[in-house]
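Summary of the model geometry
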Amino acid sequence: MTSTSIEWTEVTWNPVTGCDRISAGCDNCYALKMARRLKAMGAAKYQKDGDPRTSGPGFGIAVHEDAMTEPLRWRSARLVFVNSMSDIAHARVPRWAQALIWAVMALTPRHQYQILTKRSKRLATLLTDPAFYAEITDAIHKILDQFDGRLPVEDVDAAMRWADPRQRLRGEIPAPLPNVWIGTSIESDDYCWRADELRRTPAAIRFLSCEPLLGPLPSLDLADIDWVIVGGESGHRFRPLDLDWVRDLRDRCVQRRICLFFKQVGGIRPKAGGRLLDGRTWDEMPSR
């Protein structure tokens, strides 16, 4: 667990690290820059390099089994951003690792988990595959063997009911885990299709991260979306944010009664503008 300055969450959990840039929103990726620094500092998680064309030093995909079960040891409830230094749906994150992550989330209903991906199509395919839930069930049993009766009985019972194999025999998949939020990043109108993939993904809460917002989103369909995060890009190479793009999203969210979190205007001093838009602070969160 790592405390974070990301305003819309509380802590980060990184059982997987590393990624590859796949669209314009990745051009100035904060995680890629951070991985380079952490490698230079000798951090064990960041010693595998990625492809220099799409990734970088310390940012190759790496699964950290020792970090998988961390949330099981956290006593108090937390709001957890999963894989802030990776993408859970990356093609090189193996299914067994993804199944373990979902098993941990099923066994810790006290925490609320936030999953954010640019690869919403792969995640939707995974979470609508009955065979994946068999893998989650196996992962739950693996964790129970490891912890040998040290987990709360009520949490174990709830996880086992959720992953009941009789559902798969009927060709069904479980209802979404109530403590897991799933989101996708949309930085420009070219990627509004990611919201369509998110809509076919089973999720208790679906959210969009329009950050960095690089243009207006006239094609964005907000149906079945519960939360929208908007923000401008930060750093010396930032691309400017037009507040009219934000106003359009705000007005559409207000019309649909969707929670809006305006993170920042962006720029060299990204927090200078705060979350103020037309005289009001927008920092709404879905109810937990």
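What comes next concerns the included structure. Source: prediction; values computed, not measured.

Rules and cut-offs
Chains are numbered independently. Their residues run from 1 in the order of the written sequence. With pLDDT at 70 or above as the cut-off, local features in this predicted model cover only qualifying residues; side-chain atom pairs require 80 or more to be listed or tallied, and sums for whole chains, interfaces and linings still use all residues. Values shown for side chains rest on all heavy atoms present in the structure; no hydrogens or waters enter the calculation. In this description a helix means any DSSP run of H or I spanning at least four residues, a strand means any run of E spanning at least two, and both kinds are numbered starting from the N terminus. Expected helix span is computed as 1.5 Å times (number of residues minus one). Every residue pair with non-hydrogen atoms within 4.5 Å of one another is taken to be in contact. Polar contact is defined as a pair of N or O atoms within 3.5 Å, subject to the rule that within protein one atom must be able to donate a hydrogen and the other to accept it, and that residues adjacent in sequence are counted only when both atoms are side-chain atoms. By nonpolar core is meant a set of buried Ala, Val, Leu, Ile, Met, Phe, Trp, Tyr and Cys residues that side-chain atoms within 4.5 Å join together. Only protein chains enter the accessibility calculation, which uses a 1.4 Å probe. A residue is then buried if its area is under 20% of the maximum for its type, exposed if over 50%, and partly exposed in between. Pairing between two strands is assigned when DSSP locates at least 2 bridges connecting them. The axes are straight lines fitted to the C-alpha atoms, using for helices just the contacting stretch, and the angles between their N-to-C directions are given from 0 to 180°. Orientation is classified from the angle alone, with under 35 degrees giving roughly parallel, over 145 giving roughly antiparallel, 65 to 115 giving roughly perpendicular, and any other angle giving oblique. Take the far helix as your reference; a near helix turned counterclockwise from it by less than a right angle gives a left-handed crossing, and one turned clockwise gives a right-handed crossing. Residues are sorted three ways: Asp, Glu, Lys and Arg are charged, Ala, Val, Leu, Ile, Met, Phe, Trp, Tyr, Cys and Pro are nonpolar, and all the rest, Gly among them, are polar. Residues enter patches when they are more than 30% accessible in relative terms and free of salt bridges; like-charged ones are connected within 9 Å and nonpolar ones (Val, Leu, Ile, Met, Phe, Trp, Tyr) within 5 Å. The Shrake-Rupley method, run with a 1.4 Å probe, gives the accessible areas here. Residue values count only the displayed protein chains as cover. Each reported salt bridge corresponds to a side-chain nitrogen of Lys or Arg within 4 Å of a carboxyl oxygen of Asp or Glu. Only four residue types enter the tally: Lys and Arg on the positive side, Asp and Glu on the negative side, with His and both chain ends excluded. To locate a charge, take NZ of a lysine, CZ of an arginine, CG of an aspartate or CD of a glutamate. Working definition: a ring pair exists when centres of Phe, Tyr or Trp rings (six-membered ring for Trp) sit within 6.5 Å. Plane angles under 30 degrees give stacked, over 60 give edge-to-face, the rest tilted. Only protein atoms enter the 1 Å grid used here. Points where a 1.4 Å probe fits but cannot escape make up a cavity, open sets with protein on both sides within 12 Å along at least five of seven lines make up a pocket, and a residue lines them when an atom lies within 4 Å of a point. Grid points are joined across faces, edges and corners, and a volume is the space filled by probe spheres set on the points.

Given a rise of 1.5 Å per residue, 18 residues ought to cover 26 Å, and the 26 Å separating the end C-alpha atoms of helix α5 (residues 130-147) matches this to within 8%. In the core, the buried residues of α5 are packed alongside α3 (95-107), α4 (120-127), α6 (153-162) and α7 (165-169). The distance from a side-chain oxygen at the start of α5 to the backbone nitrogen of Ala 131 is 3.0 Å, and the residue carrying that oxygen is Asp 129. Asp 148 sits one or two positions beyond α5 and adopts a positive phi of about 45°.

Among the nonpolar cores identified, the biggest contains 66 residues, and Trp 102, Met 105, Leu 208 and Val 228 are the most heavily contacted of them. The dominant element in this core, judged by the number of residues it contributes, is α3, at 10 residues. Non-local contacts of Val 228, meaning those with residues more than four positions away in its chain, are made with Leu 208, Cys 210, Leu 222, Cys 253, Ile 258, Cys 259, Leu 260 and Phe 261.

So, on to the sheet that holds strand β9 (residues 227-231). Pairing is mixed in the open sheet, where 8 strands are placed in the order β1-β2-β5-β6-β7-β8-β9-β10. Across the chains shown, the open sheet's two edge strands, defined by having one partner strand only, are β1 (2-3) and β10 (259-264). Summarising the sheet, strand β7 (residues 180-185) and strand β8 (residues 205-210) pair through 5 bridges and their orientation is parallel. Of the residues in β8, the one forming a bridge with Thr 184 is Leu 208. With respect to the sheet, helix α9 (residues 243-256) is in contact with β8, β9 and β10, its orientation differing from that of β10 by roughly 160°.

This brings us to the packing of α5 against α6. Closest axis-to-axis distance for the α5/α6 pair is 10 Å, and the angle between their directions is 160°. In terms of their interaxial angle, α5 and α6 are classed as roughly antiparallel. Once α5 is placed against α6, the crossing between them reads as left-handed. Along its contact with α5, which presents Tyr 133, Ile 136, Ile 140, His 141 and Leu 144, the element α6 presents Val 156, Ala 159, Met 160 and Trp 162. Grouping the constituent residues of the contact of α5 with α6 by class yields 8 nonpolar, 1 polar and no charged.

This next bit is on a positive patch on the surface. On the surface, Arg 21, Lys 33, Arg 36, Arg 37 and Arg 237 cluster together into a positively charged patch. Relative to the helices and strands, Arg 36 is located in helix α1 (residues 30-40).

The next subject is the environment of Glu 65. Considering the arrangement of structural elements, one finds Glu 65 in helix α2 (residues 65-68). In the structure, Glu 65 is positioned 50 residues away from Pro 15 in sequence and 6.7 Å away in space, judged by C-alpha atoms. Sequence-distant contacts of Glu 65, that is, excluding residues within four places in its chain, are made with Trp 96 and Lys 142.

With that settled, the discussion passes to the packing of aromatic side chains. One pass over the full model with this rule turns up 8 aromatic pairs. Judged by centre distance (6.3 Å) and plane angle (55°), the rings of Trp 8 and Phe 207 are tilted. You can see Trp 8 sitting in the loop between β1 and β2 (11-13) and its partner Phe 207 sitting in strand β8, a full 199 residues away along the chain. In terms of burial, Trp 8 and Phe 207 fall into one category: buried. Geometrically, the ring pair formed by Trp 181 and Trp 227 is edge-to-face, given 5.4 Å between the ring centres and 90° between the ring planes. Placement of the pair is Trp 181 in strand β7 and Trp 227 in strand β9, with a sequence separation of 46 residues.

Our focus in this paragraph is empty space enclosed by the protein. Rolling a probe over the atoms, with the probe sized like a water molecule, indicates the empty space that remains. Per the counting criterion, the structure on display carries 1 cavity of 30 Å³ or more. For the lining of the largest cavity, the residue count by class is 13 nonpolar, no polar and no charged.

So, about the pattern of salt bridges. In this structure the tally under the stated criterion is 23 salt bridges. One salt bridge in this structure joins Asp 278 and Arg 250, with 2.8 Å as the shortest N-O distance. One end of the pair, Asp 278, is in the loop between β11 (276-277) and β12 (280-281); the other, Arg 250, is in helix α9, and 28 residues separate them in sequence. Taking the relative accessible area as the measure of exposure, Arg 250 reaches 12% and is therefore buried. Across the pair Glu 284 and Arg 280 runs a salt bridge, and its minimum N-O distance is 2.8 Å. With relative accessibility at 25%, the residue Glu 284 sits in the partly exposed group.

Quick look at the packing of α3 against α5 now. Their axes nearest at 8 Å, the elements α3 and α5 cross at an angle of 65°. Between α3 and α5, the angle falls in the class roughly perpendicular. Seen from above, α3 lies across α5 with right-handed handedness. For the pair α3 and α5, contact is made by Arg 95, Gln 98, Ala 99, Leu 100, Trp 102, Ala 103, Val 104 and Leu 107 and by Ala 131, Phe 132, Glu 135, Ile 136, Ala 139, Ile 140, Lys 142, Ile 143 and Leu 144, respectively.

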